[in-house]
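Descriptive structure summary
Each chain, letter by letter, is given below.
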Amino acid sequence: MEKHTENRTRTEQASEDLIELIRQKNYTPGDKLPTEAELSELLQVGRNTVREALRLLVSRNIVVIRQGSGTFLSEKQGVSDDPFGFSLAGDHEKLTKDLIQVRIMLEPPIAALAAQNATTEDVEKLEQILAEVESLIAQRLDYEEADIRFHEQIANCSHNSVMSNLVPVIGKGIAVFAREVESTEYEQTRLSHRAIFQAIKEKRAVDAQQAMYFHLLYNKNRFTENRKPYRTNPGESSLSQTT
C-alpha cells in the first residue's frame, strides 16, 4: 500500500511539474511538447513516471498523445467534454431552452470581443471554417460539426481565456439544438454566419454583437415554432441541423 501511494504521489507531482513547465514555456494549444526522454531529464524523474504523468494529463484533457507524432497541448485546455453533465439531462426540451438563453447572454459580447481582438491569422482561420460551412450548406449536407467549430473559433478570436473555456457550453448548445428542431435551416444560417464574420473581419464590434444576437434570436424562434414532438424512445435520433 505504501509503495502504491508513493508511486501515485510521484506521478501526481510530475504531472503538476509538467503543467508548470507548460506555463513557463508559454505553450499554446496544438504545440508539441518535448519527448519522454527530454521530459524525464527536465523533470528529473524516470521515464515511467513521465509516461504515467502524461496519461494523467490526457485524462484531464490537458495534452493529447498522437501515436508516431508525439505529445501535444490539447485544444480543450483542460476542459472536460461534458463539464456540466448535459448528457445526463432528462428533459431535453428544457435543456435546449436553457442553453439558448445562455448562448444569447454569452455569444453576442464574445462576437464583439472577437471583432476587437482578432488577429489576421484568427480571421483567416475563421474564414476557412466559414467556407467549409457554406460549402456544406450549398450541398445540403450535415454542417453541425463545422458550425460548432465556427462558433468555437469566434470565442478563440476574443483572446479571452475565460470565454474560450466556455466554448464547450456553446458547442453543446448547438448540438442539442440540432437534435430538437424539426427541420434544417440553410439559407438564413449562411447569411447570418457571413454577416457575423464580415463584422469581425472589419472590426465592427457593435455590428458583430448585433449580428450574433439576431442570429440567436432567430434560432430561438425556430425552436419555439419547429421543435420536434416529444420522443418517448430516447434511442431515436435525427439528422436535423443547427445554427
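Here's what I pulled together on the structure shown here. (Residues numbered from 1 in each chain as written. Predicted model: local features only at pLDDT ≥ 70, side-chain atom pairs only at ≥ 80, totals over all residues. Heavy atoms only, no water.)

**Digging into the pattern of salt bridges**
Enumeration according to the criterion identifies 13 salt bridges in this entry. A salt bridge links Arg-60 to Glu-16, with the nearest nitrogen and oxygen atoms 3.5 Å apart. Of this pair, Arg-60 sits in the loop between helix 3 (47–59) and strand 1 (63–66) while Glu-16 sits in helix 1 (residues 2–24); the two residues are 44 residues apart in sequence, bridging distant segments of the chain. We classify Arg-60 as partly exposed; its relative accessible area is 36%. Within the structure, one salt-bridge network assembled from shared partners comprises Glu-36, Arg-47 and Arg-51. (Salt bridge = Lys/Arg side-chain N within 4 Å of Asp/Glu carboxyl O. Helix = DSSP H or I, 4+ residues; strand = E, 2+ residues; numbered from the N terminus. Buried < 20%, exposed > 50% of the residue type's maximum accessible area, 1.4 Å probe, protein only.)

**Some thoughts on helix 4 (residues 92–117)**
With 26 residues, helix 4 should reach 38 Å at 1.5 Å per residue; the first-to-last C-alpha distance of 35 Å fits that figure. A bend of about 30° at Arg-103 is the largest found in helix 4. (Expected span 1.5 Å × (residues − 1). Bend = angle between axes of the 7 residues up to and from the residue.)

**Focus: the packing of aromatic side chains**
For the structure on display, the rule yields two aromatic pairs. Relative to Phe-214, the ring of Tyr-213 has its centre 5.9 Å away and its plane inclined at 55°; by these criteria the two rings are tilted. Phe-214 gets classed as exposed once you look at its relative accessible area, which sits at 53%. Cation over ring: Arg-66 sits above Phe-72, and NZ or CZ is 4.3 Å from the ring centre. (Phe/Tyr/Trp six-rings, centres within 6.5 Å; stacked < 30°, edge-to-face > 60°. Lys NZ or Arg CZ within 6 Å of the ring centre and 35° of its normal.)

**What to know about the packing of helix 5 (residues 120–138) against helix 6 (residues 144–157)**
The interhelical angle for the contact between helix 5 and helix 6, taken along N-to-C directions, is 160°, at an axis separation of 9 Å. Taken together, the axes of helix 5 and helix 6 lie roughly antiparallel to each other. The way helix 5 lies across helix 6 gives a crossing that is left-handed. Within the contact between the two elements, helix 5 uses Asp-122, Lys-125, Leu-126, Ile-129, Leu-130, Glu-132, Val-133 and Leu-136 and helix 6 uses Glu-145, Ala-146, Asp-147, Arg-149, Phe-150, Gln-153, Ile-154 and Cys-157. Across the contact of helix 5 with helix 6, the residue classes break down as nine nonpolar, one polar and six charged. (Axes fitted to C-alpha atoms, helices over the stretch in contact; angles between N-to-C directions. Parallel < 35°, antiparallel > 145°, perpendicular 65-115°, else oblique. Left-handed = near helix turned anticlockwise from the far one by under 90°. Contact = heavy atoms within 4.5 Å. Nonpolar A, V, L, I, M, F, W, Y, C, P; charged D, E, K, R; others polar.)

**With respect to helix 3**
In a regular helix each residue adds 1.5 Å, so 13 residues correspond to 18 Å; helix 3 covers 18 Å between its end C-alpha atoms and thus fits that length. Of all the positions in helix 3, only Thr-49, Val-50, Ala-53, Leu-54 and Leu-57 are classed as buried. For helix 3, the buried positions fall inside an angular range of 135° around the axis, keeping them on one side. Within helix 3, the exposed residues directed more than 90 degrees away from the buried face are Asn-48 and Ser-59. (Arc of directions from axis to C-beta.)

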